[in-house]
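Understanding the architecture of this molecule
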Amino acid sequence: MTVEPQTRTTDREDIAKRLLRSSAKASFDPLVEIDWDALVDPDRYAIRPERLSLYGTELWETLTEEQRKELSRQEIASVASIGIWFETILMQMLVRHAYDRDPTTHHVQYAYTEIADECRHSVMFAKLLDKLDAPFYRLDPFTHLLGKVFKTVSNGPLTFSAALFVEEILDQLQREIMADEALEPLTRAVSRIHVVEEARHMRYAREEFARDWHRRGALVQHYSRLVLGAVAYYSATRLISPEVYERIGLDPRAARKAARRNPRWTDTKTWAARKVVATLDRAGAISGPGRYLWRKAGLLGRRGAAPSTAGPEAQRA
Ligand SMILES: [Fe+2]
Ligand SMILES: [Fe+2]
């Protein structure tokens, strides 16, 4: 079925108008909203223990309760570092997106609004690192370089599918954190702000991706699937920096290996990615050699895992 171009434009503008209205009503300045003077409680987990990369391993059994809680703070800090890395990439891609378009349209004004949100988020995540007594966990030089290339050359479908991927993974983890009263209040407050504003970003990314993807020829789609697979692979396999393990007194190589082989960690990544995998898979954006990378990163479940943990998309893979 062919949709009239006029209808599509109207839809695009209607959605962007609603997103702008919602941004005007519910946007937050984390510098004001969050109590940055409150002390981090060393007796609380920053994220649920079952979401940690070593949970359920033999190595986990050797850790003291203090080490486990510190691991939770450092793993959240590592995820926040990836968040800053990708938000910086996304801001540049959105600036490039806006550069070619008409700023009087609602959808371009929404792109500018999202850039402003991401600026505040990156400052918020950076302050979180400080409060958690964590460094900015830098990516390895190769992944850092790949990010630099990607933000310079990405096309429309890649910009919005990659954004959706990273945003959905963070969203799933943060929704769980914000709802759990037993967890550290600071990570809950940061999660709450991010979840509210990212809900709009994800809506925008889904719309922009779908609109652009179906217009693209076979060659561009083919190339985009492969690059998207690489983005998913490098982001998901680097969520937890090996330095995190070092900080709690573990051998980083051994701990990284244990995490990579940990079926529960694979299940966590599959669970966090299940919605974005369903969306992109339905659109035909996860196939060919790119699909191999999604699987290798543990985003499509484990072979033989129960459907409830791995999700229907993964079982089909
Ligand atoms: Fe963000
Ligand atoms: Fe975002």
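Scroll up for the structure.
Here is a short report on the structure shown in this document. Bear in mind that the values here come from a model prediction, so they are computed numbers and not experimental data.

1. Focus on the packing of aromatic side chains
On inspection of all chains with the given rule, the structure shows eight aromatic pairs. Ring geometry for Tyr 110 against Tyr 204: centres 4.9 Å apart, planes inclined by 65°, an arrangement best described as edge-to-face. On the criterion of sequence distance, the pair formed by Tyr 110 in helix H5 (residues 106–131) and Tyr 204 in helix H8 (residues 185–213) is long-range, its members being 94 residues apart. Tyr 110 sits in the buried class, given a relative accessible area of 0%. Each ring, one from Phe 165 and one from Trp 294, has its centre 5.3 Å from the other, and the planes form 80°; the classification is edge-to-face. Taken as a pair, Phe 165 in helix H7 (residues 156–179) and Trp 294 in helix H13 (residues 289–296) lie far apart in primary sequence, 129 residues in all. Overall, Trp 294 belongs to the buried group, its relative accessible area being 0%. Pairwise contacts between aromatic rings join Tyr 110, Phe 160 and Tyr 204 into one cluster. The ring of Trp 36 has Lys 127 lying over it, and the distance from NZ or CZ to the ring centre is 5.3 Å.

2. Regarding a nonpolar patch on the surface
A contiguous nonpolar surface patch, about 360 Å² in accessible area, is contributed by Leu 145, Val 149, Val 153 and Tyr 223. Ranked by residue count, the leading element in the nonpolar patch is helix H6 (residues 141–153), at three residues. Among the structural elements, Val 153 can be located in helix H6. For Val 153, a relative accessible area of 47% gives the class partly exposed.

3. What to know about the coordination of the iron ion (ligand 2)
For the iron ion (ligand 2), the full set of protein donor atoms is Glu 118 (OE), Glu 167 (OE), Glu 198 (OE), Glu 198 (OE) and His 201 (ND1), at a range of 1.9 to 2.5 Å. Mapping the donors of the iron ion (ligand 2) onto the primary sequence gives the spacing E-x48-E-x30-E-x2-H. Between the iron ion (ligand 2) and the iron ion (ligand 1), both coordinated by Glu 118, there is a metal-metal distance of 3.6 Å. With Glu 167 in helix H7 and His 201 in helix H8, the pair connects residues that are 34 residues apart, well separated along the chain. Grouping residues by exposure puts Glu 167 and His 201 together as buried.

4. Notes on the coordination of the iron ion (ligand 1)
At the metal site, the iron ion (ligand 1) is ligated by Glu 87 (OE), Glu 118 (OE), His 121 (ND1), His 194 (NE2) and Glu 198 (OE), and these contacts range over 2.0 to 2.3 Å. Each donor residue of the iron ion (ligand 1) belongs to the same chain, and together they define the spacing E-x30-E-x2-H-x72-H-x3-E.

5. With respect to a positive patch on the surface
The grouping of Lys 17, Arg 18, Arg 21 and Lys 25 at the surface amounts to a positive patch. Secondary-structure assignment places Lys 17 in helix H1 (residues 5–25).

6. Regarding the packing of helix H9 (residues 218–237) against H13
Put simply, H9 and H13 touch, their axes get as near as 7 Å, and they point 10° apart. In terms of their interaxial angle, H9 and H13 are classed as roughly parallel. Where H9 abuts H13, its residues Arg 225, Leu 226, Leu 228, Gly 229, Ala 230, Ala 232 and Tyr 233 lie against Pro 289, Gly 290, Leu 293, Trp 294 and Lys 296. Here the contact of H9 with H13 is built from residues that sort into eight nonpolar, two polar and two charged.

7. A short note on helix H4 (residues 65–99)
For H4, built from 35 residues, the straight-helix expectation of 51 Å at 1.5 Å per residue is met to within 8% by its first-to-last C-alpha distance of 51 Å. Most of H4 sits out of view: 26 of its 35 residues are buried.

8. Side note on the pattern of salt bridges
Across all of its chains, the model carries 21 salt bridges by this definition. Linking Arg 68 and Glu 65 is a salt bridge whose minimum nitrogen-to-oxygen distance equals 3.7 Å. Note that Arg 68 and Glu 65 are positioned in helix H4 at a spacing of three residues, about one turn of the helix. For Arg 68, a relative accessible area of 15% gives the class buried. Put simply, Arg 211 and Glu 207 hold a salt bridge, and the shortest N to O gap is 4.0 Å. Remark: Glu 207 and Arg 211 occur in helix H8; sequence separation between them is four residues, near one turn of the helix. In this structure Glu 207 comes out as partly exposed when scored by relative accessible area, which is 23%. Bridged by salt links that share partners, the residues Arg 12, Arg 203, Glu 207, Glu 208 and Arg 211 form one connected network.

9. Quick word on the nonpolar core
Judged by nonpolar contacts, the single largest core of 88 residues is most densely connected at Leu 71, Phe 86, Phe 165, Tyr 245, Trp 294 and Leu 299. When residues of this core are assigned to their parent elements, the largest contribution, 14 residues, is made by H4. Contact partners of Leu 299, with chain neighbours within four places excluded, come to Phe 165, Ile 169, Ala 232, Ala 236, Lys 269, Thr 270, Ala 273, Val 277 and Trp 294.

What counts and what doesn't
Residues numbered from 1 in each chain as written. Chains lettered and ligands numbered in written order. Predicted model: local features only at pLDDT ≥ 70, side-chain atom pairs only at ≥ 80, totals over all residues. Heavy atoms only, no water. Phe/Tyr/Trp six-rings, centres within 6.5 Å; stacked < 30°, edge-to-face > 60°. Helix = DSSP H or I, 4+ residues; strand = E, 2+ residues; numbered from the N terminus. Buried < 20%, exposed > 50% of the residue type's maximum accessible area, 1.4 Å probe, protein only. Lys NZ or Arg CZ within 6 Å of the ring centre and 35° of its normal. Patch = residues over 30% accessible without salt bridge, like charges linked within 9 Å, V, L, I, M, F, W, Y side chains within 5 Å. Areas by Shrake-Rupley, 256 points an atom, 1.4 Å probe, with all protein chains shown as cover. Salt bridge = Lys/Arg side-chain N within 4 Å of Asp/Glu carboxyl O. Donors = N, O, S within 2.8 Å, 3.2 Å for Na, K, Ca; no water. Lys, Arg positive; Asp, Glu negative; His and termini not counted. Charge placed at Lys NZ, Arg CZ, Asp CG, Glu CD. Axes fitted to C-alpha atoms, helices over the stretch in contact; angles between N-to-C directions. Parallel < 35°, antiparallel > 145°, perpendicular 65-115°, else oblique. Contact = heavy atoms within 4.5 Å. Nonpolar A, V, L, I, M, F, W, Y, C, P; charged D, E, K, R; others polar. Expected span 1.5 Å × (residues − 1). Core = buried A, V, L, I, M, F, W, Y, C linked by side-chain atoms within 4.5 Å.

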